[in-house]
Structure formats: structure tokens, C-alpha cells
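One-letter residues, chain by chain:
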Amino acid sequence: MLVTAIEARPLRSLERVRVPLGPGITSIVGPNGVGKTNLVEALYFALTGRSFRTSDRRELIPFGASLARAEATVRDDDGIERRLLASVSRTEGRRHLLEGEAVDPATIARSRPPVAVFAPDRLSLVKGPPAERRAHLDGFLAARWPARGELRKRFGQALAQRNAMVSRIAAGYGSSDALDVWDAGVADAAAPLVAARAEAVAELAPAFATALAELGLEDGELVYAPRAEGDAETIRAGLRERRDADLKLGRTSWGPHLDELKLNTAGRALRKYGSQGQQRAALLALLFAEREALLQARRVIPLLLLDDVMSELDPGRRELLVARLTAGGQTLITAADEESLPAAARGSMVRMPRPGVIDAAGGDADAEAA
Ligand SMILES: Nc1ncnc2c1ncn2[C@@H]1O[C@H](COP(=O)(O)OP(=O)(O)OP(=O)(O)O)[C@@H](O)[C@H]1O
Ligand SMILES: [Mg+2]
């Protein structure tokens, strides 16, 4: 599966811009403020229906307008092209359509490649709270093993039910024995999620360490730290043991909703002790490890969006990064200056000389000025 084109029409500062994407690296080069990140955001929005910059999608609506829209063209392995269109309007909210039809999220997810983003403000994945890393890990699970995509949701539902019962009982309604069935529900949903997360991290950890070393940081470790481990029966017993404490607290105090994914160097958390540059390197290394796992599984071709990554790296590391990218998978890179791009990343280069304007010098890009 490949994304063959992205179109913003309109989105933020982009009035109407269409950029074709090649199978390997496509680079977008232009000065600060022309709309490069907006284009990356448009692609992410068209594929996922979300933004990686904001949780309020209405920010994507151009100033003074009432609608933002982005469309991605995806070619499947049989050569059939389909269009994914995401839109958000002030009055009607968000829509996500496949070939003009409203379909369920699972169908959309099957109709697009897995997509990962590196952007300066995504560092919160490394330095932010554990919940972000759990969600990210579960996202990888879903891309790597589609059948496991439901594990997170199933656990979340079981946990919500148990929590509701815990607060009912804590408020004096019903006896604590009523929790037996909810303990079992949580345990049944937790055990496969914990096992899947452990397997995913075991698969990612060596590639993470290698990629991080390549970026100049030795002794990198990706460590899964589950709260609850073992089979459903063990987890159920653990919940039973903590029941009184949970009733005092009014919520479930133990389980995979509290797991941590640790990014360390030499046993220390990059989250707490890493420099900005080291945290960036860790984010890149994690995304690379995931991409490699997906490429090796050969089920899908992952798409990596690298916003402004070159400015963060010295020339030697830029070369290493591009060497990794040319080894497989599809990539969109943005850069403010062409010189920061290694030669291998300039093959499929699109220039954005002025806000919202695509230079068709490459021969196949077209656009209308904003
Ligand atoms: N909702 C919006 N409507 C219109 N313009 C917007 C909106 N949101 C942001 N912009 C404008 O988009 C421009 C920034 O675009 P973008 O972040 O894509 O730039 P960039 O090319 O990535 O620049 P840099 O190289 O500095 O990262 C700014 O001029 C900003 O005012
Ligand atoms: Mg930018």
C-alpha cells in the first residue's frame, strides 16, 4: 500500500495544494512559515482523521473560513487507488470518508498504511506522561498485528465497568462480592494486552538500541514495565487482593492502564535525565524500530513523516538517517534548506518557495497559489 498523493483544500494556510508522493522519500523544501508542517498535518489528517499537533481539529480550519479538508490517494497492492478524505467544519464537526462514503474506523484503518510522525512537538512522547507511551505502543500493536488492535479497547471497557462498580460500592450501594465478575472481566482483558505489549517491546528493543547507538547514544534500552503480569487467573487474584484498597481509593489501582514503556540510556530514564537532543534521538529510534518491525513483517509499507528532522542532526547522522530510509518504506521529509538534505533525499524533491505554492520544477506537482 502506498500513498500516491496528498491534497490540502484548504487546511490552515494551504488554500489548495496537491503533492504527488513517490514510493521512497519525498522531500518538501521551503523557508519558515510557508506551510510545510501544514502539509504534513494534512497528510496525517487525511489518513487518520486526527492531527498530531492539536486535539482540537478546528484549528485546522483556515482563518476566517468554516471548513478544513485534506485528501490522500492510497494505492493498494492490486494497483487500485482509493481516496481518503478528512474534513472538519465549524458547524458539522468531523467527517472521514473512503471513496466518498462514511465507513467505520476499522475499514479506514485497513485502507491506509500505518503512519508515524516525527515532529519537534512530538517530544512529549518521550518526556510526557506514561499514558502517551502506552497509547503509542498499543497503536503499534494494532499496526503490527491487526487482530490485536481491539485489545486496548476491550481492556478499557472492562476497566471502566469495574471502576463504575468500585465507585458504586464505595458509595454504599451493593456488596463488594459484586466485584467478582468485574475482576474477572478486567483480568480476561488485561492478560492478552500485557502479553501483546511484552511481545511488541521484545521485538522492538534490539532495533531501538541499534538505532539509538547510530544516533550517538550508547546503551539504549526500551523496557516494558507492566504493573500486572501473568495469566488471567493470576491477574484476577491480584485484583482480588487489592480490592479493599481500590474501594478506599474509588478506582482500580493496579493493571495495564498503569504500565510504563521506558526509554532509557544506561539504566536512566531519558524522560527525566535526557537532553533535548537525546530525547529527539530516542523518539527517532523508537519510530525506526517500529518501522523496521513493520517492514520485516512485510504485511504493509509504513509511512514515516519527518517534520524538520534534519536541522536537529549533524551531517554524519543525516546520512545515516537517509540510508535507513532508503532501505525501505515510504517517507515524507520537510526541510527549511536544501543543503541540509543528503543527496539521496533530494531525488523526489518538491519546493515550496512561497506560502502555499508548490514549485512544479519536479515535473509532476501541481498547485494553485493561496
Ligand atoms: N488555521 C490557520 N489558518 C490560516 N493560517 C494558519 C492557520 N494555522 C496556522 N497558520 C499559518 O500557517 C503558517 C505556518 O505554516 P507551517 O507551520 O506549515 O510552516 P512551516 O513551513 O512548517 O515553517 P517552519 O519551517 O518554520 O516549520 C503560519 O504562517 C501560520 O500563521
Ligand atoms: Mg514546520
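In this text, all values refer to a predicted model and were calculated from it rather than measured experimentally.

### Digging into the pairing of strand β6 (residues 93-98)
Here six bridges tie strand β5 (residues 81-89) to β6, and the two strands are oriented antiparallel to one another. In the sheet register, Ser 87 faces β6, and the bridge partner there is Arg 95. Hairpin remark: β5 followed by β6, antiparallel, with three residues in the connecting loop. Bridging between β6 and strand β7 (residues 101-102) involves two bridges; their strand directions are antiparallel. Looking at the pairing, Leu 97 lines up with Ala 102 of β7. Here β6 folds back onto β7 in antiparallel fashion, the turn holding two residues, of which Glu 99 has a positive phi close to 50°.

### A closer look at the packing of helix α10 (residues 276-297) against helix α11 (residues 315-326)
Contact pair α10 / α11: the axes reach a minimum separation of 11 Å and the direction vectors enclose 20°. Judged by the angle between their axes, α10 and α11 are roughly parallel. Once α10 is placed against α11, the crossing between them reads as left-handed. Counted together, Leu 284, Phe 288, Arg 291 and Glu 292 of α10 and Leu 321, Arg 324 and Leu 325 of α11 form the full contact between these two elements. A breakdown of the residues in the contact of α10 with α11 according to their chemical character gives four nonpolar, no polar and three charged.

### With respect to α10
With 22 residues, α10 should cover 32 Å at 1.5 Å per step; its first-to-last C-alpha distance of 32 Å lies within 8% of that length. A positive phi of about 60° marks Arg 298, the residue just after α10.

### Remarks on the packing of helix α5 (residues 151-170) against helix α6 (residues 179-214)
α6 packs onto α5 with a crossing angle of 150° between their chain directions and a minimal axis gap of 9 Å. The angle between α5 and α6 falls in the class roughly antiparallel. The handedness of the crossing between α5 and α6 comes out as left-handed. Contacts from Leu 151, Arg 152, Arg 154, Phe 155, Ala 158, Leu 159, Gln 161, Arg 162, Met 165, Val 166 and Ile 169 of α5 reach α6 at Leu 179, Trp 182, Asp 183, Gly 185, Val 186, Asp 188, Ala 189, Ala 190, Pro 192, Leu 193, Ala 196 and Arg 197. In terms of residue class, the contact of α5 with α6 is made up of 15 nonpolar, two polar and six charged.

### Structural notes on α11
Counted at 1.5 Å a residue, the expected span for α11 with its twelve residues is 16 Å, and the 17 Å between its end C-alpha atoms agrees. Every buried residue of α11 is accounted for by Arg 318, Leu 321, Val 322, Arg 324 and Leu 325. Axial view of α11: buried residues confined to an arc of 155°, hence all on one face. Residues of α11 that are buried in the fold lie against β3 (25-29), α6, α10, β12 (303-307) and β13 (330-335). Trailing α11 by a residue or two, Gly 328 shows a phi angle of about 160°, which is positive.

### Regarding the domain arrangement of the protein chain
The domain architecture assigned to the protein chain consists of domain 1 (1-113 + 300-370) and domain 2 (129-298). Centre-to-centre, using C-alpha coordinates, domain 1 lies 30 Å away from domain 2. Taken together, the contacts link 17 residues of domain 1 with 14 residues of domain 2. Taken over both partners, the interface formed by domain 1 and domain 2 buries close to 1,400 Å², and the fraction arising from carbon and sulfur atoms is 61%. One can count two salt bridges joining domain 1 with domain 2. For Glu 292, the salt bridge goes to Arg 324, with nearest N and O atoms at 2.6 Å.

### A short note on the pattern of salt bridges
Inspection of every chain in the model, using the stated rule, returns 26 salt bridges. Glu 203 is the partner of Arg 144 in a salt bridge, and the nearest nitrogen-oxygen pair spans 2.7 Å. You can see Arg 144 sitting in helix α4 (residues 130-144) and its partner Glu 203 sitting in helix α6, a full 59 residues away along the chain. Classification of Glu 203 as partly exposed rests on a relative accessible area of 30%. Residues joined by salt bridges that share partners form a network here, namely Arg 162, Asp 180, Asp 183, Arg 243 and Asp 246.

### Side note on the nonpolar core
Residues Phe 208, Leu 284, Leu 306 and Leu 321 are the most contacted members of the largest nonpolar core, which totals 66 residues. The dominant element in this core, judged by the number of residues it contributes, is α6, at 15 residues. Looking at this core, you find at least three residues from each of domain 1 (1-113 + 300-370) and domain 2 (129-298). Every residue in contact with Phe 208, bar those within four places of it in the chain, is listed here: Gly 220, Glu 221, Leu 222, Leu 263, Ala 282, Ala 285, Leu 286 and Ala 289. Grouped together as the second largest cluster of nonpolar side chains are 40 residues, Leu 14, Ala 46, Leu 47 and Ala 119 included.

### What about the sheet that holds strand β8 (residues 115-118)?
Strand-to-strand pairing in sheets goes through backbone hydrogen bonds, with the strands running parallel or antiparallel. With mixed pairing, the six strands of this open sheet are ordered in space as β8-β12-β13-β3-β14-β15. At either end of the open sheet lies a strand with only one pairing partner, and these are β8 and β15 (357-359). Strand-to-strand twist across the sheet, computed as the mean angle between neighbouring axes with direction ignored, equals 20°. The sheet contacts of α10 involve β8, β12 and β13, and relative to β8 the element is tilted by about 165°.

The rules we used
Residues numbered from 1 in each chain as written. Chains lettered and ligands numbered in written order. Predicted model: local features only at pLDDT ≥ 70, side-chain atom pairs only at ≥ 80, totals over all residues. Heavy atoms only, no water. Pairing = 2+ DSSP bridges. Helix = DSSP H or I, 4+ residues; strand = E, 2+ residues; numbered from the N terminus. Axes fitted to C-alpha atoms, helices over the stretch in contact; angles between N-to-C directions. Parallel < 35°, antiparallel > 145°, perpendicular 65-115°, else oblique. Left-handed = near helix turned anticlockwise from the far one by under 90°. Contact = heavy atoms within 4.5 Å. Nonpolar A, V, L, I, M, F, W, Y, C, P; charged D, E, K, R; others polar. Expected span 1.5 Å × (residues − 1). Buried < 20%, exposed > 50% of the residue type's maximum accessible area, 1.4 Å probe, protein only. Arc of directions from axis to C-beta. Domains from an automatic or database assignment. Buried area = accessible area lost by both parts, 1.4 Å probe. Salt bridge = Lys/Arg side-chain N within 4 Å of Asp/Glu carboxyl O. Core = buried A, V, L, I, M, F, W, Y, C linked by side-chain atoms within 4.5 Å.

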